[in-house]
Each structure stands twice: as C-alpha cells, then as structure tokens.
Amino acid sequence: MKSKLGFAAAILIMLLLAGCGSTKEAGDTGLLSKLTEGRYSELEVREYEGTKLDPSGALPENSISGVQQVDISSYVLEVTGSVQQPVSLAYEEVLALPAYEKLITLHCVEGWDATVLWKGALLKDIIAPAVVRETAQTVIFHCVDGYTSSLPLQAVIDKEMILAYSSNGITLPPSLGFPFIVVAEDRLGYKWARWVNEIELSDDPYLTGFWENRGLDSEADIPAN
Ligand SMILES: Nc1nc2c(c(=O)[nH]1)N[C@H]1C(S)=C(S)[C@@H](COP(=O)(O)O)O[C@H]1N2
Ligand SMILES: [Mo]
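These figures come from a predicted structure and were not determined experimentally. (Residues numbered from 1 in each chain as written. Chains lettered and ligands numbered in written order. Predicted model: local features only at pLDDT ≥ 70, side-chain atom pairs only at ≥ 80, totals over all residues. Heavy atoms only, no water.)

Caption draft 1: Region of interest: the sheet that holds strand β8 (residues 148–152). Here five strands make up an open sheet; going across it, the order is β4-β3-β12-β7-β8 and the pairing mixed. Across the chains shown, the open sheet's two edge strands, defined by having one partner strand only, are β4 (87–89) and β8. Taken pair by pair, the neighbouring strands of this sheet meet at an average axis angle of 20 degrees, ignoring direction. Judged from the five bridges that link them, strand β7 (residues 138–143) and β8 form a sheet pairing that is antiparallel. Counted as the bridge partner of Val-139 is Leu-151 from β8. (Pairing = 2+ DSSP bridges. Helix = DSSP H or I, 4+ residues; strand = E, 2+ residues; numbered from the N terminus. Axes fitted to C-alpha atoms, helices over the stretch in contact; angles between N-to-C directions.)

Caption draft 2: Just the site of ligand 1, in detail. Surveying the vicinity of ligand 1 reveals 20 residues, the closest of which are Pro-60, Ile-64, Asp-145, Trp-192 and Arg-194. Pro-60 has a polar backbone atom sitting 2.9 Å from an oxygen atom of ligand 1. Within the contact set of ligand 1, a nitrogen atom lies 2.8 Å away from a backbone nitrogen or oxygen of Trp-192. In isolation ligand 1 has 530 Å² of accessible area, and contact with the protein removes 99% of it. Considering only residue class, the shell around ligand 1 consists of 14 nonpolar, four polar and two charged. (Near = heavy atom within 4 Å. Polar contact = N/O pair within 3.5 Å; in protein donor to acceptor, adjacent residues only side chain to side chain. Areas by Shrake-Rupley, 256 points an atom, 1.4 Å probe, with all protein chains shown as cover. Nonpolar A, V, L, I, M, F, W, Y, C, P; charged D, E, K, R; others polar.)

Caption draft 3: Main features of the confidence of the model for the protein. In the predicted model, the protein carries a mean pLDDT of 89, and 81% of its residues have values of at least 70. For the stretch residues 19–28, pLDDT sits under 50, and the model shows 11 contacts to residues farther than four places along the chain or on other chains. (pLDDT = per-residue confidence, 0-100. Contact = heavy atoms within 4.5 Å.)

Caption draft 4: Spatial organisation of the pairing of strand β3 (residues 77–81). Summarising the sheet, β3 and β4 pair through three bridges and their orientation is antiparallel. Paired with Glu-78 across the bridge in β4 is Ser-88. Taking the residues that link successive antiparallel strands as the turn, the β3-β4 hairpin has five residues. The sheet contact formed by β3 and strand β12 (residues 196–202) spans four bridges and is parallel. Counterpart to Thr-80 in the pairing with β12 is Glu-200.

Following this line, the structure appears as structure tokens:
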C-alpha cells in the first residue's frame, strides 16, 4: 500500500518536473532518429529463450536534455572518488573485459517498461583497477547530459550489475545511452544512467541523484503489483 502510494506520487512528481517527455521531437532531428530507429530494429534480436524483446531503439524518450551524441574518439570513462588510484578507460578497454548477457526489464515511473537483452561488463570489473577504498559505500554515476544517479556499492557487487554497451545484439543506440547504460536490475528506470562518463565511489551512504534529489525514492525498488 505504502509503495503503491509512493509510486503514484513518484509518477506525479516526474510528470510535473519533466513534462510528459515522450512526444517531444524537433524537425530534422526527429526524422533522423526515426530513420535510425528503423535501421536498428531490423538488426535487433527479437526474441530470447522464448521471451519477446522490445525494440531497444524505440523506447519513450524522457531524458532531461534529450538524446546525447557521444564522440567515441574523444570519450573516456573515469573511475573517481573513494579509490586508491583514479583510472580512465577508453571505450575499447571496457569492451575488452569479460562480457555478460542479461535479460532484464527496465521499468520507468511514467508507467512503461521495456524488456531488452543487455550485454556489457561487470561494474565491479570496471572499478577494480582503481582499487576501491574499504570505506566506500555508494556508486554515483555521472552522465554527459549532467544527469546523475546512484546505487549502493554492495548491491552493484552482489547482483553482478553490468554497464551495458549492447542491447538486443546491436551496439547500444544513442537513445539508449551510447556508449554505456547502467543496467540497474531490480531498480526503477531513473537508476539506469545513460551516456555514463564517470563512475564515482563515495563514502556517503546517502543515494543522491537527479531524480533522487527531486523527491523520487532513493532506493527506487520496483513496486510489486
Ligand atoms: N543521462 C541520463 N540517463 C537517464 C535519464 C536521463 O534523463 N539522462 N533518464 C532516466 C530515466 S527516468 C529512465 S526511465 C531511463 C530511460 O531510458 P530509455 O528511455 O532509454 O529506456 O533512463 C534513465 N537514465
Ligand atoms: Mo524513468
């Protein structure tokens, strides 16, 4: 009951603050993304072990500053904060780590969901070379659009959460966060940081972030229905 109410409040807050984002599209950019979406969906895997997959290039667009286009030649992923030695990783270095595939549904508080086959590297493998301090409790994700979200370090490790670079067998589309999206399994969509370029370890157990700081629940558990 409490979580249903919380969920409804969360939807309301999000709609009020973001506006119902799924209809905004402007001129040429809109047309281009429609064409790109078409190309992507032709190449995608449609089904995985009997489960029908949702086309990953055509999910509702509700980003705080629209779809980001990341230039991969200058892109680096930084691991910072409560670590012994901050590290910077190139796109290819993340792709070279052991790959994990997971079939996971993203649930947005706006009421839609998407089941996608994700492929990526374990977040714990990505942060390991930086040598995380024993005092670290939280992982904060920073994105190129200024978005942030955070997860408990223990959950990231125990659930073997991945940073995905592929969706339904294709390279992650820009709309889904190319080069990387956090597959925050068992947490609502606003924990799934897209266009991630910095992973910050923090000793502060409090889960901050763009939506977390605007009234959405910081744990973001998916409500049972
Ligand atoms: N960088 C960034 N990541 C973000 C957001 C955003 O605005 N910026 N929105 C979040 C929200 S609210 C959701 S539901 C998911 C949606 O991802 P999708 O629309 O690509 O499925 O991305 C999350 N990650
Ligand atoms: Mo969302």
